[in-house]
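Given next are the chains, with one letter for each unit.
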Amino acid sequence: MFMILGHSCSNLFLVFLVFTATCWVLYGEQVQGGDGLHNSVILSSFKYATTALKPYEWRYISVDLPLWFSSVTIALESNVGIDLKRIGKVSTLPMICFREGSPPLPDVYNTSLTGLVIDHISNSSFGGSQDLQIVEKCYPMQKSIFLTLTNEQIRPGIWYFGLFNGIGPIRTQSKMINRGHSYSFSGNVTVEGCTNSAMLGKFCNQTISLLSCSDTYISPESGIANVTPCGGTEESCLDVAGSKIYSLDVVSIAEEIIITALNITFTPLQRSNGTISGSGISLMCYVRHGTIPLPQLYDYSADISRSPLVIPLPRLGRWYIKIQPANLSESMAVIQEMSTTICYSLEWQVLRCPADKAGLNCTTAKYTLQAFLRKNPSVAFESYYLPISGEVSSDSANFPLGPLLGNSSDGDFTWTFFLLDIPDGAAGGNIHVRLTSEAKINEEIYARYGGFPSLSNWDYFYANSTSNSNGSMFFKIYDASAKSVSFYIIYARGGTWSFGLRHPISNRHGSIVETIMSISLERCPEKCSSHGTCQSVLDTSGLTFYSFCACGRRNGGFDCSIELVSSSGHMWQSISLIASNAAALLPAYWALRHKAFAEWVLYTSSGISSGLYHACDVGTWCPLTFRVLQFMDFWLSFMAVVSTFVYLSSIDEVTKRTIHTVVAILTALMAESGPTRSSNIILVVAIGTLGLLIGFLIEFFTHHRWISFSAEICLNMLNRWETVKAWIHNFIQSLLKRFRWGFLLAGFTALAMAAISWRLETSQNYWIWHSVWHVSIYTSSFLFLCSKAAVNCENEQPRSENYELARQNSFSGSNERDGR
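- The name recorded for the chain in an unreviewed UniProt entry is EGF-like domain-containing protein, from Datura stramonium.
- Among the UniProt annotations of the chain, the heading Sequence similarities (unreviewed entry) holds the following wording: "Belongs to the TMEM8 family."

Shown next, in the form of structure tokens:
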């Protein structure tokens, strides 16, 4: 099952639900493997329609790989062209990130940028024993990405691919305008699997032998007390040049896995006089969690013909074991060319402790935590965890550690373990751990996914304020004082988590100092630091919630804890954005003084709506919804610009009303569909200029006779040319007399400044250039109004005749006659 979703500051997940998906199952498809033809099946295939990412937006693609998957193919196409030798700011770099188990979050810390690989992504980018649950890798976005990843490279489970158009604290900051470069992508993801569960490998051509674990099995050589072993033996033979693969499922938290080979014999099948001792044979064992091991790619290895392979504190899930001969002794080289078989007895044991104990000697206390859902139906998957024990009350999310600490010790410290389960659908949540004490906290906390932690085997840990995992990508400390500790595991993977509390023996009974602990699952760390709102997005399958903080104008970061604008800086930005709209008084006063009441209403309404819009955006006051105020601001601004141009022409009221109606419709569509697009400035100026040109041509041709193309003129070319020259001269004279060109040029200069300021706006300098925009656009309107030659802008008293909307004085009759 594949899912794709993402986020923008305005419910991006609703926008992204517009995609097409097709899924089919094809049985009997044959794939050419290394040894011949083997059956595989397309488990699922999804195609994603073209999706645009604006600056600082992102999308998540998740893919669920079952245990029997053989390969996954990811094909993405985008319009991003990046020169790896000329990469600028990482914060604006389009990139793709990968993480196992939960969504990637490349900007939790600046140190997480160490996961950025400045290279093209390829199939070789995956593989190794590195756990991508606690580490993520990011690559610059490419025009074309085609990956075919096999089950020898990545483990089964849910994998997340994040496509980001810029990262950093500003990504979650509330933005009025989102300036910058956008890019789009499309693609499809296909998963293939093996039709036979006993076959695996990238070509489904490797036979897997399933090892079952019997609880009644006891190894004859086992001398371990207190443990509850499960295991078994299997007699196997393999060719001297071959190998054999087994799988073993660990279904509950265990202390150890022990694998050994007994009764090894070497049997030649040609010119053989009997069975030869296997004392000179090295039987190598390679073990890997989740995927088939290779001699060069494994988690553990040992020569099990010499000593057992011990896997301490194994993770839950499926382990793959590969057995193959290696390093035959020189004394047996003479028979290496023969067809030979190595037989052995494979023994495996999974050592587990009783339900309430842990540790290799099963003397350490272990508690299973029960989830208590919070009473908030609007927030999904928020809960706190308490031990299933009569010693702890369920009335509070906190529980005392005194009654729970273990009695056994190894030196001066001992351990107490807590197990809890995170629902798979809550992979976008965060584990919050807190410790409070009346005295100095001496306890250390170690966390691990799928297995018990130890001093040498953990995913995250906190020992003190200077020794912890605070440099990890998904570990965030909020309190590290002497008497209080608070930290989060960010975007914790769904499944079983184990927390080991290492504490001094003197505190095991809690008789001296009481220490309180709490473990909870929360949607957003620290409730977005009280500087934002926590948003939860449901994926298309309806099974997983992703949570993120939508921060205010002053803060950013994944938890809104980073102050991007100071209090005084925010105040000055607010004053600048709101007060700059006072420039609307210039054209409004001119229009009112000259009884241009329609234009007066337009300029006044535009200035007021813009001021209210910015007051709402900065958090001062919102008389209407933000969306309505934004529409009114941009629409009235567009109308003011175009109406100013139309006002400069003298045409009859019928024509002018027609132009105003058309302009109102066009600008309303622009303000509704994409008010912040930079192309809108060009369109508005073009519409206004076109309206002015149409009005002027209508006015001119109404008062000036057009050239007659009668037969008489055609015969008299000289007279015809004189007529054309007279018409051109008349046109130029009329144009020169029509405007005050100083005001007109100044108006276009102010308009150009407005366009430049619009273009220079970014999320960081928005308040500066948008304030300049306000002053420039209203000043340009005032200068254009003053450019009318028929009106004296320098203290001329208003005319006494009745004013009509956008009325223009026509040329005098004498001038008309002179121009004919």
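## What to know about the packing of aromatic side chains
Part 1: Following the criterion strictly, the structure yields 28 aromatic pairs and no others.
Part 2: Linked through ring pairs, W415, F417, Y446, F452, W458 and F461 together constitute an aromatic cluster.
Part 3: Above the ring of F474, the side-chain terminus of R99 is found at 3.4 Å from the ring centroid.
Part 4: If you follow K476 out to its NZ or CZ, it ends over the ring of Y478, 5.7 Å from the centre.

## A look at the pairing of strand β32 (residues 495-504)
Part 1: The buried fraction of β32 amounts to 9 of the 10 residues, a majority that puts the element mostly inside the structure.
Part 2: Across 10 bridges, strand β26 (residues 413-422) lies against β32 in antiparallel orientation. Following the sheet pairing, T414 is matched in β32 by H503.
Part 3: Where strand β28 (residues 444-449) meets β32, 6 bridges bridge the pair, whose relative direction is antiparallel. By the bridge assignment for β32, I445 is matched with L501.

## Notes on a nonpolar patch on the surface
Part 1: A contiguous nonpolar surface patch, about 350 Å² in accessible area, is contributed by L592, F597, W600 and V601.
Part 2: Top element by residues in the nonpolar patch is helix α4 (residues 597-617). It accounts for 3 residues.
Part 3: Structurally, F597 is set in helix α4.
Part 4: For F597, a relative accessible area of 44% translates into the label partly exposed.

## Looking at the side chain of R502
Part 1: Structurally, R502 is set in strand β32.
Part 2: For R502, a relative accessible area of 17% corresponds to the buried category.
Part 3: What R502 contacts, discounting residues up to four positions off in sequence, is F413, T414, W415, N442, E443, E444, Y446 and L455.

## Quick notes on the pattern of salt bridges
Opposite charge on two side chains permits pairing when their charged atoms draw close.
Part 1: Under the definition given, this model contains 11 salt bridges.
Part 2: Here E100 and R493 are joined by a salt bridge, their closest N and O atoms 3.3 Å apart. Taken together, the positions of E100 in strand β6 (residues 94-100) and R493 in the loop between β31 (484-489) and β32 put the pair 393 residues apart, joining distant regions of the chain.
Part 3: Under the relative-accessibility criterion, E100 is labelled buried at 2%.
Part 4: Among the salt bridges present, the one from R553 reaches D617, with a minimum N-O distance of 1.9 Å. Here R553, found in the loop between β35 (545-551) and β36 (555-556), pairs with D617, found in helix α4; they are 64 residues apart in sequence, far enough to count as distant. D617 matches R553 in its accessibility class, with the two residues each being buried.
Part 5: In this structure, a network of salt bridges that share partners links the residues E100, R155 and R493.

## Focus: the packing of helix α3 (residues 585-593) against α4
Part 1: Between α3 and α4, the shortest axis-to-axis distance is 8 Å and the interhelical angle comes to 160°. Taken together, α3 and α4 sit at an angle that is classed as roughly antiparallel. When the axes of α3 and α4 are compared, the crossing they make is left-handed. Contacts from P587, A588, A591 and L592 of α3 reach α4 at F597, E599, W600, Y603 and T604.

## Regarding α4
Part 1: Here α4 spans 30 Å end to end across 21 residues, near enough to the 30 Å set by a 1.5 Å rise per residue.
Part 2: One or two residues past the end of α4 sits G619, with phi positive at roughly 90°.

## Side note on the pairing of strand β10 (residues 183-194)
The side chains of a regular strand alternate between the sheet's two faces.
Part 1: In terms of residue burial, β10 counts as a mostly covered element, since 10 of its 12 residues are buried.
Part 2: With 9 bridges joining them, strand β5 (residues 69-78) and β10 adopt antiparallel strand pairing. The residue of β10 that forms the bridge with A75 is N188.

## Quick notes on the nonpolar core
Part 1: Counting 59 residues, the largest nonpolar core has F418, I431, I489, W497 and F499 as its most contacted members.
Part 2: Per-element tally for this core: the top contributor is β31, with 4 residues.
Part 3: Membership of the second largest hydrophobic core comes to 46 residues, among which are V641, V646, I777 and F784.

## Focus on the state of the cysteines
Part 1: Counted by the stated rule, this structure contains 9 disulfides.
Part 2: At a sulfur-sulfur separation of 2.1 Å, the disulfide partner of C194 is C204. Torsion about the S-S bond of the C194 and C204 cystine: about -90°, corresponding to left-handed handedness. Highlighted residues: C194 in strand β10 and C204 in the loop between β11 (199-200) and β12 (206-211), separated in sequence by 10 residues. Here C194 and C204 have matching classes, each one buried.
Part 3: Across the disulfide from C353 sits C362; the S-S distance is 2.0 Å. Because the torsion about its S-S bond is -85°, the bridge between C353 and C362 counts as left-handed.
Part 4: On the basis of relative accessible area, C353 is assigned to the buried category, the value being 11%.

What counts, and at which threshold
Residues numbered from 1 in each chain as written. Predicted model: local features only at pLDDT ≥ 70, side-chain atom pairs only at ≥ 80, totals over all residues. Heavy atoms only, no water. UniProt positions renumbered as here; feature names shortened; annotations may be inferred. Phe/Tyr/Trp six-rings, centres within 6.5 Å; stacked < 30°, edge-to-face > 60°. Lys NZ or Arg CZ within 6 Å of the ring centre and 35° of its normal. Buried < 20%, exposed > 50% of the residue type's maximum accessible area, 1.4 Å probe, protein only. Helix = DSSP H or I, 4+ residues; strand = E, 2+ residues; numbered from the N terminus. Pairing = 2+ DSSP bridges. Patch = residues over 30% accessible without salt bridge, like charges linked within 9 Å, V, L, I, M, F, W, Y side chains within 5 Å. Areas by Shrake-Rupley, 256 points an atom, 1.4 Å probe, with all protein chains shown as cover. Salt bridge = Lys/Arg side-chain N within 4 Å of Asp/Glu carboxyl O. Contact = heavy atoms within 4.5 Å. Axes fitted to C-alpha atoms, helices over the stretch in contact; angles between N-to-C directions. Parallel < 35°, antiparallel > 145°, perpendicular 65-115°, else oblique. Left-handed = near helix turned anticlockwise from the far one by under 90°. Expected span 1.5 Å × (residues − 1). Core = buried A, V, L, I, M, F, W, Y, C linked by side-chain atoms within 4.5 Å. Disulfide = S-S within 2.5 Å.

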